[in-house]
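Structural features, examined
Next come the chains, spelled out residue by residue.
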Amino acid sequence: FEWEMLDFVELVVNAAEDIRVLAQDKSIEVTLNVADTPVWVRGDKQRLRQVVFILGDNAVRYSDAGSRIRIDLEADGAEAVLRVNDRGIGIPAHDLELIFDRYYRSTNARRSSDDGTGLGLPVAKAIVTAHGGRISAHSSEGHGTTFAVTLPQLTLNESDTDVGADVDVCQDYARESAA
Ligand code: ATP
């Protein structure tokens, strides 16, 4: 992992562009609601972008053409909360716990002609957990699904204008986590 201090808003806006490209093929509309001020987190930019992409890719994959996807990012107290919501096939309640396991594919998805490997969500979970965050899914079968990713928010001291210092702290943190 390459740790740095990054604006999660900027990252999500950029990742949403990739998801829009996928969604276009199915005429799916992607709406984006993000905080209008930066939401700082410590993390690996590439890996976090991969998480957003996995969730967006699934949302497109498991939705019908012409559907809608909503991506929200808010700062909630000490946490940054990303939600990816779709109006797709949904996930049966008994599968919600299992979808984060490697190679598990819900009965719904196995019925659909589309084939995946069942590795996206376990990878997303591993990345989020390595960032000290959580990932969860809420779903209503036949109606849609929302995935929520919560990451610790980095609160910058107002007097602390030296971003370099924070990056140093971040690298220390990365070394500690790796130890
Ligand atoms: P891939 O590894 O290629 O992404 P996959 O989509 O099958 O394949 P995961 O991303 O791990 O693998 O998802 C696991 C299972 O969770 C899927 O097979 C599907 O059953 C279910 N799932 C994931 N996201 C959604 C969603 N947005 N709507 C409905 N089902 C979903």
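Everything in this summary refers to the structure shown in the same document. Being a predicted model, the structure only gives us computed values, none of them experimental.

Here we look at the site of the ligand
Of all residues adjacent to the ligand, which total 22 residues, the nearest are Tyr62, Asp86, Arg105, Ser106 and Thr117. Arg105 is positioned such that a nitrogen or oxygen atom in its side chain is 2.6 Å from an oxygen atom of the ligand. Interatomic distance of 2.8 Å between a side-chain N/O atom of Thr117 and an oxygen atom of the ligand. Mapped by element, the contributors of at least two residues to the shell around the ligand are α2 (45-61), α4 (120-130) and β7 (144-152). Considering only residue class, the shell around the ligand consists of eleven nonpolar, eight polar and three charged.

Let's talk about the environment of Asp101
For Asp101, the position within the fold is in the loop between β5 (79-86) and α3 (107-111). The spatial distance from the C-alpha of Asp101 to the C-alpha of Val52 is 18 Å, given a sequence separation of 49 residues. Ignoring any residue separated from it by four or fewer positions in sequence, one finds Asp101 in contact with Gly118 and Pro122.

Cut-offs applied
- Residues numbered from 1 in each chain as written.
- Predicted model: local features only at pLDDT ≥ 70, side-chain atom pairs only at ≥ 80, totals over all residues.
- Heavy atoms only, no water.
- Near = heavy atom within 4 Å.
- Polar contact = N/O pair within 3.5 Å; in protein donor to acceptor, adjacent residues only side chain to side chain.
- Helix = DSSP H or I, 4+ residues; strand = E, 2+ residues; numbered from the N terminus.
- Nonpolar A, V, L, I, M, F, W, Y, C, P; charged D, E, K, R; others polar.
- Contact = heavy atoms within 4.5 Å.

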